[in-house]
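# Coordinate analysis (summary)
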Amino acid sequence: MYAITGITRKVGGALARTLLAAGQPVRAVVRDGGKAKAWAEQGCEVALAEMEDASALAAAFKDTDGAFVLPPSEFDPAPGFPEARAVITAVTTAVEEARPRRIVCLSTIGAQATETNLLTQRTLMEQALSELTPPVTFLRPAWFMENFAWDVASARDHGIIASFLQPLDKPVPMVATADIGRIAARLIHEDRLGHNVVELEAPRRITPNQAADTFARVLGRPVHAEAVPRETWESLFKSQGMRNPTPRIRMLDGFNEGWIEFEHGQAGSTKGDVALETVLRGLIEGMA
Ligand SMILES: NC(=O)c1ccc[n+]([C@@H]2O[C@H](COP(=O)([O-])OP(=O)(O)OC[C@H]3O[C@@H](n4cnc5c(N)ncnc54)[C@H](OP(=O)(O)O)[C@@H]3O)[C@@H](O)[C@H]2O)c1
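These remarks concern the structure in this document. It should be emphasised that the depicted structure is a prediction, and the values quoted were computed from it without experimental measurement.

## Thoughts on the overall build of the protein
If you tally the helices and strands in the protein, you get 11 helices and 12 strands. The C-alpha atoms of the protein give a radius of gyration of 19 Å, which matches the 19 Å a tight globule of 288 residues would have. Residues counted as buried form 42% of the 288 residues belonging to the protein. Considering only residue pairs separated by 6 or more positions, the protein has 75% of its internal contacts joining residues 24 or more positions apart.

## Describing the site of the ligand
Neighbouring the ligand are 24 residues; T8, R9, K10, P72 and F144 lie closest to it. Among the elements of the structure, α1 (10-21) and β7 (143-144) are those that each provide at least two residues to the shell around the ligand. Take the shell around the ligand: its biggest share by element is three residues, from α1. Class assignment of the residues belonging to the shell around the ligand gives a composition of nine nonpolar, seven polar and eight charged.

## Notes on helix α7 (residues 177-187)
Most of α7 sits out of view: nine of its 11 residues are buried. Turning to α7, its buried residues number three or more, namely T177, A178, D179, I180, G181, I183, A184, A185 and L187.

## As for the environment of V104
Take V104: it is sitting in strand β5 (residues 103-106). Spatially, the C-alpha atoms of V104 and G66 are 7.4 Å apart, while their sequence positions differ by 38 residues. Sequence-distant contacts of V104, that is, excluding residues within four places in its chain, are made with G66, F68, T137, L139, A184, L187 and I188.

## Describing the sheet that holds strand β10 (residues 195-201)
The eight strands lie next to each other as β3-β2-β1-β4-β5-β6-β10-β12, forming an open sheet whose pairing is parallel. Either end of the sheet is taken by a strand with one partner, and the two such strands are β3 (45-48) and β12 (270-271). Here strand β4 (residues 66-69) pairs with β5 via three bridges, running parallel. What sits directly across from A67, in β5, is I103.

## Quick notes on the environment of A216
Its place among the elements puts A216 in helix α8 (residues 208-219). Through-space distance from the C-alpha of A216 to that of R156 is 8.7 Å; in sequence the pair is 60 residues apart. Sequence-distant contacts of A216, defined by excluding residues within four places in its chain, comprise R221, P222 and V223.

## Quick word on the nonpolar core
Of all hydrophobic cores here, the largest spans 85 residues; its most connected members are I4, A28, F68, L139 and A184. Examining the composition of this core, we find that seven residues originate from one element, helix α4 (residues 82-98), more than from any other. Sequence-distant contacts of A28, defined by excluding residues within four places in its chain, comprise I4, I7, A16, A36, W39, C44 and V46.

## Here we look at unusual backbone geometry
Residue P167 follows Q166 across a cis peptide bond; omega there is -5°. Checked against the element boundaries, P167 lands in the loop between β8 (160-163) and β9 (174-175). The backbone of D63 shows a phi angle near 55°, a positive value even though the residue is not glycine. Position of D63 among the secondary structure elements: in the loop between α3 (54-61) and β4. Given 12 C-beta atoms within a 10 Å radius, D63 is considered exposed. One non-glycine residue, F81, lies in the positive phi region at around 55°.

## Digging into the pairing of β10
The pairing of strand β6 (residues 136-141) with β10 spans six bridges and is parallel. The partner of T137 across the bridge, within β10, is N196.

## Overview of helix α10 (residues 246-257)
The periodicity of an α-helix, 3.6 residues per turn, causes residues three or four places apart in sequence to face the same way. With 12 residues, α10 extends 16 Å from end C-alpha to end C-alpha; this agrees with the ideal 16 Å at 1.5 Å per step. Within α10, burial applies to P247, R248, M251, L252 and F255. The arc that holds every buried residue of α10, seen down its axis, measures 140°, which confines them to one face. Against α9 (233-239) lie the buried residues of α10.

Reading the values: the criteria
Residues numbered from 1 in each chain as written. Predicted model: local features only at pLDDT ≥ 70, side-chain atom pairs only at ≥ 80, totals over all residues. Helix = DSSP H or I, 4+ residues; strand = E, 2+ residues; numbered from the N terminus. Rg over C-alpha atoms; globule rule 2.2 N^0.38 Å. Buried ≥ 20, exposed ≤ 12 C-beta atoms within 10 Å, placed from the backbone. Contact = placed C-beta atoms within 7 Å. Near = placed C-beta within 6 Å. Nonpolar A, V, L, I, M, F, W, Y, C, P; charged D, E, K, R; others polar. Pairing = 2+ DSSP bridges. Core = buried A, V, L, I, M, F, W, Y, C linked by C-beta atoms within 7 Å. Expected span 1.5 Å × (residues − 1). Arc of directions from axis to C-beta.

So this is what it looks like as structure tokens:
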């Protein structure tokens, strides 16, 4: 049995679909019972758990060959990352109690960075899970290609993608969530000892200008990338409702300055095979 958190969204969903297609038993770990029905109809067991609820997570992880831990995104964390710390406490308590045979934890590119930024939330999770007994693999994916969902309307209606990734000709490690799910499905079966890191990106890195060209090809209209000036980010993010934009800004700085990178570089990363064009077609069709 494989317990999958985050199953209702991109990565957890891709992982679960891969396991189900291979005839593997899946326990869908959801916080909203209403979202469980679709998975139950596909033959999944269902466990209800918030990621901050240690005893519900322990029940969800009990008697499993593998547990997939997807820490929820928090783009606007309070100082000191209390939201991520609450999840870390619950997950580690649950793992100690339930002892799944192995764990795959979705982490991120740059989890090893020493500068405090948004991704520090995953650094803390890696440190905490590394201290536990069950073997754990940290799957560190690149920037999700699906993040371009935010740019579909602007590309389609105005021919512009506004880019925080800069300069516009700098190649950025990216990956499709379908590839992450597929690799996670492989890792959750593998008997590895101790703590492991698997870093994952597409075969070629992609510049914002190339992403705009790909939008143009798929949309059949001119599209270009525009850099959002760095000095406007703080006021822009605050105008969008963020209270504490510094961690997000430092994460973007890290990509742009190069200190958010894979620990073992491009040469050491596992490569996916889904192309950006495939992902953009799916995003655009999904919003049509
Ligand atoms: N975006 C990137 O470029 C990038 C790059 C590297 C790593 N990552 C990592 O990828 C992860 C996000 O993956 P994703 O995009 O597939 O997921 P997502 O769209 O952020 O969805 C989060 C999932 O977790 C569930 N969830 C959220 N809060 C929860 C809570 N308190 N208790 C229980 N379940 C909760 C959600 O369930 P509901 O359906 O009920 O909301 C959903 O299934 C994050 O850990 C992020 O750090 C992202």
